[in-house]
Number of protein chains: 2
Amino acid sequence: MQNFIFPDIEPLKISRYSRILSTGVALPRNVVTNQNIIDRYNIIATDRAVEYALGIKERRWTGLDEKVEDLMEEAINQCLERANVDIDSIDRIVFTKLAGDYHVPATSIGALRKLGTKKGIPAFDIFAACSGFVHAMDLAIRYIASGDDYVLILGGSAMGKCCHYWNMPDPKTVFLFGDAIAAMLVGYSDVQHFFSSYIITNHFLYDNALIRYGTSYKNNGENVDSSIFFMKIADGNTVFQSSAQYAKVISDKLLSDYGGSIDDIDHFVTSDQSTRIWEAQLKEIGFPKEKSTSLFYKHGNTVAAMSPLNLNHLIESGRLKRGDVVMMQAHGAGASSGGMIFKY
Amino acid sequence: MQNFIFPDIEPLKISRYSRILSTGVALPRNVVTNQNIIDRYNIIATDRAVEYALGIKERRWTGLDEKVEDLMEEAINQCLERANVDIDSIDRIVFTKLAGDYHVPATSIGALRKLGTKKGIPAFDIFAACSGFVHAMDLAIRYIASGDDYVLILGGSAMGKCCHYWNMPDPKTVFLFGDAIAAMLVGYSDVQHFFSSYIITNHFLYDNALIRYGTSYKNNGENVDSSIFFMKIADGNTVFQSSAQYAKVISDKLLSDYGGSIDDIDHFVTSDQSTRIWEAQLKEIGFPKEKSTSLFYKHGNTVAAMSPLNLNHLIESGRLKRGDVVMMQAHGAGASSGGMIFKY
């Protein structure tokens, strides 16, 4: 880890610009409290102790009758209605997933079926865990730079549904995850809105948080352990420390490329894997709490949806206005992180 | 399916060009013959009947001691050596996977660890099954158009390793899949080499071929069926027919955008899920067999590696030379397909 080298930031070479047209969010119906989880799994804990330790009161979990594609449809419809854009105008869909409805085909194709379009819109899923939405935004502006007019990106997770398979949850992670899908429509703009983009990985932390479904899985017979549906976190402190450290490095790199200081940023939006991780990032970059927000207390870790959920909340609440400058970041348990500076 | 609408082709709006610098391939050591599979699973079949029906003689399967990241490392090293480019010069890595070593983090980060670089190169995985490599190539030229100098893309699969878990294989698919990883280095170029790109999805065929790992999985207790590691193909004929139909539509769209006819194409490279699927595509687009190639007979369905394996073979054998014009396509069981025209 000491030998890890952060790459230089590459200035964007873009002359065909884009901007955020709208955002949308879909949440499952079921609100699950800490007490619900304690009761269901007979965990030795109290609601108050869980809230004190993690900062979380409740989260949403998808029910057995809800699919990821249902949530995607709802988020897409809200997003498109807000921008007054029709699905058939969309050039491309990118979904950054944790688990989709199926492993293959891409769940973004399932969402197109739900939407009922007859046009064979290009669509695929990407994998970058909690940092995924920044990867997808970075992709969107590059697609528009090279010819697209409208790119729809989605991110999020339905880990709660996986909990239905899980009779012996890991008490370290069962309270953390919530379900949500966030959508963002990025469209062509004749003036520049996206100024800087920076993404890193750190393979020294590759093994710290993982889901063991894949060719490394070893079983001892015909059946497979249901833990392959769940995130295993070796060291939560590494997630905490890397998020804070990377937040500062990414902020410095973005600001040097942008040519401004932290005082030029109106809002800081990030992935909040816990209330303390959010606060630690703010402290590292020297940013006032009242110009940021964290929905962790009521939505939990929604993986790739954390950053866009917070962005959507700032927009819906009227705190973030057109013309404001945003630094948005997303951190993936140490293995992958990124950020952008844009004018909303 | 009758109501499905192919999108119009969008001309690339790119002024910062790229070209293919090199390719590389890694294959597992173990050669698995039809007879090996027949013996291992007590399948009622003969080697000759399997070869006659599918066109396959053998394939490679990863052993229990081989990981996807090992194959990625080998393919990357070959690719970078051929281009004489150092790993630390790479701006971004995109791996189009079926199953990686883990589900999360991205297996491309695991490959970076194997390569031993200390630089935190941006890297993520995408999901687009057999059509994935064309998605990744399309991505690479857009990254370079907007600022990157070197983008390394990888594609392929290690389904054979999953077969170690599989005590009751599906005789419809067990002979089909082989393991391989293909790599391609795309770099900045001052003259245009990539002329046209076209990608589609067809959600009407979303359910035809799938791997059931995900939130749609329903179990009846603590254990999970090992079939969640494997591709289930409802209707092989749909895979065959859609590949042939899409090959023609994609060829027509690409040629109209390129402003040429099929006679201007020196080589046709595609995904060959069977020898007959390869031949059917050639017939549909009216292209001579001797200007294409299919390695299906000895490598099987290597998912996202099929097209680049065939491209690499044409290059290694000296048949495809610098300056030749290539139409490259990849088809994903009906749900996703794409193609490009480029000068090698």
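Computed from a predicted structure; not experimentally measured.

How each quantity is defined
Residues numbered from 1 in each chain as written. Chains lettered and ligands numbered in written order. Predicted model: local features only at pLDDT ≥ 70, side-chain atom pairs only at ≥ 80, totals over all residues. Heavy atoms only, no water. Helix = DSSP H or I, 4+ residues; strand = E, 2+ residues; numbered from the N terminus. Rg over C-alpha atoms; globule rule 2.2 N^0.38 Å. Buried < 20%, exposed > 50% of the residue type's maximum accessible area, 1.4 Å probe, protein only. Contact = heavy atoms within 4.5 Å. Pairing = 2+ DSSP bridges. Axes fitted to C-alpha atoms, helices over the stretch in contact; angles between N-to-C directions. UniProt positions renumbered as here; feature names shortened; annotations may be inferred. Buried area = accessible area lost by both parts, 1.4 Å probe. Salt bridge = Lys/Arg side-chain N within 4 Å of Asp/Glu carboxyl O. Polar contact = N/O pair within 3.5 Å; in protein donor to acceptor, adjacent residues only side chain to side chain. Nonpolar A, V, L, I, M, F, W, Y, C, P; charged D, E, K, R; others polar. Left-handed = near helix turned anticlockwise from the far one by under 90°. Phe/Tyr/Trp six-rings, centres within 6.5 Å; stacked < 30°, edge-to-face > 60°. Lys NZ or Arg CZ within 6 Å of the ring centre and 35° of its normal. Domains from an automatic or database assignment. Least-squares fit on C-alpha atoms with pLDDT ≥ 70 in both.

Comments concerning the overall build of chain A
When you go through chain A residue by residue, the secondary structure sums to 10 helices and 14 strands. A compact globule built from 344 residues should have a C-alpha radius of gyration of about 20 Å, and chain A, at 19 Å, falls within 12% of that. Counting only C-alpha atoms and orienting by the principal axes, one finds that chain A spans roughly 55 × 50 × 40 Å. For chain A, the residues scored as buried account for 67% of the 344 residues in total. Of the contacts made within chain A by residues no fewer than 6 positions apart, 78% connect residues no fewer than 24 positions apart.

A few points about the sheet that holds strand E7 (residues 180-189) of chain A
Strand order in the open sheet formed by 10 strands is E1(A)-E7(A)-E6(A)-E4(A)-E5(A)-E5(B)-E4(B)-E6(B)-E7(B)-E1(B), with mixed pairing between adjacent strands. Every interior strand has two partners, whereas the edge strands, strand E1 (17-26) of chain A together with strand E1 (17-26) of chain B, have only one. Strand after strand, the sheet turns through a mean of 25 degrees between neighbouring axes, direction not considered. Note: strand E4 (residues 92-97) of chain A against strand E5 (residues 123-127) of chain A, four bridges, orientation parallel. In the sheet register, Thr96 of chain A faces E5 of chain A, and the bridge partner there is Ile126 of chain A. Those strands touched by helix H4 (residues 107-115) of chain B are strand E4 (92-97) and strand E5 (123-127) of chain B, and its axis lies near 140 degrees from that of E5 of chain B.

Side note on the UniProt feature "domain: Beta-ketoacyl-[acyl-carrier-protein] synthase III C-terminal" (unreviewed entry) in chain A
Within this numbering scheme, the UniProt entry marks residues 258-344 of chain A as carrying the feature "domain: Beta-ketoacyl-[acyl-carrier-protein] synthase III C-terminal" (unreviewed entry). With 31% helix and 22% strand, residues 258-344 of chain A has its two end C-alpha atoms placed 15 Å apart.

Some thoughts on the interface of chain B and chain A
In this assembly, 87 residues from chain B lie in contact with 88 residues from chain A. A combined buried area of about 8000 Å² lies between chain B and chain A, and 56% of that area is made up of carbon and sulfur atoms. There are four salt bridges connecting chain B and chain A. Here Arg92 of chain B ties to Asp138 of chain A by a salt bridge, and the two come within 3.8 Å at their closest N and O atoms. Linking chain B with chain A are 34 residue pairs in polar contact (both at pLDDT 80 or more), by the criterion used here. Sort the elements by how many residues they give to the side of chain B that touches chain A and helix H5 (residues 132-145) of chain B lands first, with six residues. Here the side of chain B that touches chain A is built from residues that sort into 43 nonpolar, 22 polar and 22 charged. Pairing analysis gives three bridges linking E5 of chain A to E5 of chain B, with the strands arranged antiparallel. What sits directly across from Phe127 of chain A, in E5 of chain B, is Asp125 of chain B.

Topic: the packing of helix H3 (residues 68-83) of chain B against H4 of chain B
Residues and elements named next belong to chain B. Where H3 contacts H4, the two axes come as close as 8 Å, and the packing angle between them is 65 degrees. Our pair here, H3 against H4, has a crossing hand that is right-handed. Contacts between H3 and H4 pair Val68, Glu69, Asp70, Met72, Glu73, Ile76 and Asn77 from the former with Thr107, Ser108, Gly110, Ala111, Arg113, Lys114 and Leu115 from the latter.

Side note on the packing of aromatic side chains
Inspection of every chain in the model, using the stated rule, returns 18 aromatic pairs over all chains. Consider the rings of Phe268 of chain A and Phe287 of chain A, whose centres lie 6.0 Å apart with planes at 55 degrees: the pair is tilted. A residue pair is termed long-range when its members are at least 10 positions apart, and Phe268 of chain A in strand E12 (residues 267-269) and Phe287 of chain A in the loop between helix H8 (275-285) and helix H9 (296-299) qualify at 19 residues. Note on accessibility: Phe268 of chain A and Phe287 of chain A belong to one class, buried. A cation over an aromatic ring shows up here: Arg322 of chain A above the ring of Tyr344 of chain A, its NZ or CZ 3.8 Å from the ring centre. A cation over a ring is seen here: Arg276 of chain B above Tyr52 of chain B, with NZ or CZ 5.9 Å from the ring centre.

Some details on the side chain of Ser271 of chain A
Residues and elements named next belong to chain A. Residue placement: Ser271 occurs in the loop between E12 and H8. Take Ser271: its relative accessible area is 0%, and that puts it in the buried class. Ignoring anything within four residues of it in the chain, the contact list for Ser271 reads Ile277, Gln281, Met306, Ser307, Gln329, Ala330 and His331.

Digging into the domain arrangement of chain A
Residues and elements named next belong to chain A. With domains assigned, chain A is organised as domain 1 (17-189) and domain 2 (194-214 + 222-343). Placing the centre of domain 1 and that of domain 2 at their C-alpha centroids yields a distance of 16 Å. With both chains or domains summed, domain 1 and domain 2 bury close to 4000 Å², and 68% of this area falls on carbon and sulfur atoms. Where domain 1 touches domain 2, the interface holds one salt bridge. Between Arg82 and Glu316 there is a salt bridge, with the nearest N and O atoms lying 2.5 Å from each other. Taken together, the links from domain 1 to domain 2 amount to 12 residue pairs in polar contact (both at pLDDT 80 or more). Elements with a minimum of two residues in the side of domain 1 that touches domain 2: E1, helix H2 (47-54), strand E3 (58-60), helix H3 (68-83), helix H5 (132-145), strand E6 (150-157), helix H6 (159-162) and E7. Class assignment for the residues of the side of domain 1 that touches domain 2 results in 26 nonpolar, 15 polar and nine charged.

Some details on the relation of the copies chain B and chain A
For the pair of chain copies, the relating transformation is a rotation about an axis with a translation along it. When chain B is fitted onto chain A, the two copies agree to an RMSD of 0.0 Å after a turn of 180 degrees and an axial shift of 0.0 Å. What we have between these two chains is a two-fold relation. For chain B, the minimum C-alpha distance to the rotation axis belongs to Ile126 of chain B and amounts to 2.1 Å.

Here's the deal with the pairing of strand E14 (residues 336-343) of chain A
Residues and elements named next belong to chain A. Of all eight residues in E14, seven are buried, a share of seventy percent or more. Sheet topology places strand E8 (residues 194-201) next to E14; seven bridges connect them, and they run antiparallel. Note that in E14 the partner of Ile199 across the bridge is Gly338. Counted between consecutive antiparallel strands, the loop separating strand E13 (residues 325-332) from E14 contains three residues, among which Ala333 sits at a positive phi close to 55 degrees.

Examining the pattern of salt bridges
Between side chains of opposite charge, a pair can form as their charged atoms come close. Across all of its chains, the model carries 30 salt bridges over all chains by this definition. Of the charged contacts, one joins Asp65 of chain B and Arg29 of chain B as a salt bridge, the two residues approaching to 3.1 Å between their closest N and O atoms. One end of the pair, Asp65 of chain B, is in the loop between strand E3 (58-60) and H3; the other, Arg29 of chain B, is in the loop between E1 and strand E2 (31-33), with 36 residues separating them in the sequence. Residue class for Arg29 of chain B comes out exposed when judged on its relative accessible area of 55%. Put simply, Arg92 and Asp148 of chain A together with Asp138 and Arg142 of chain B are held in one network by salt bridges that share partners.

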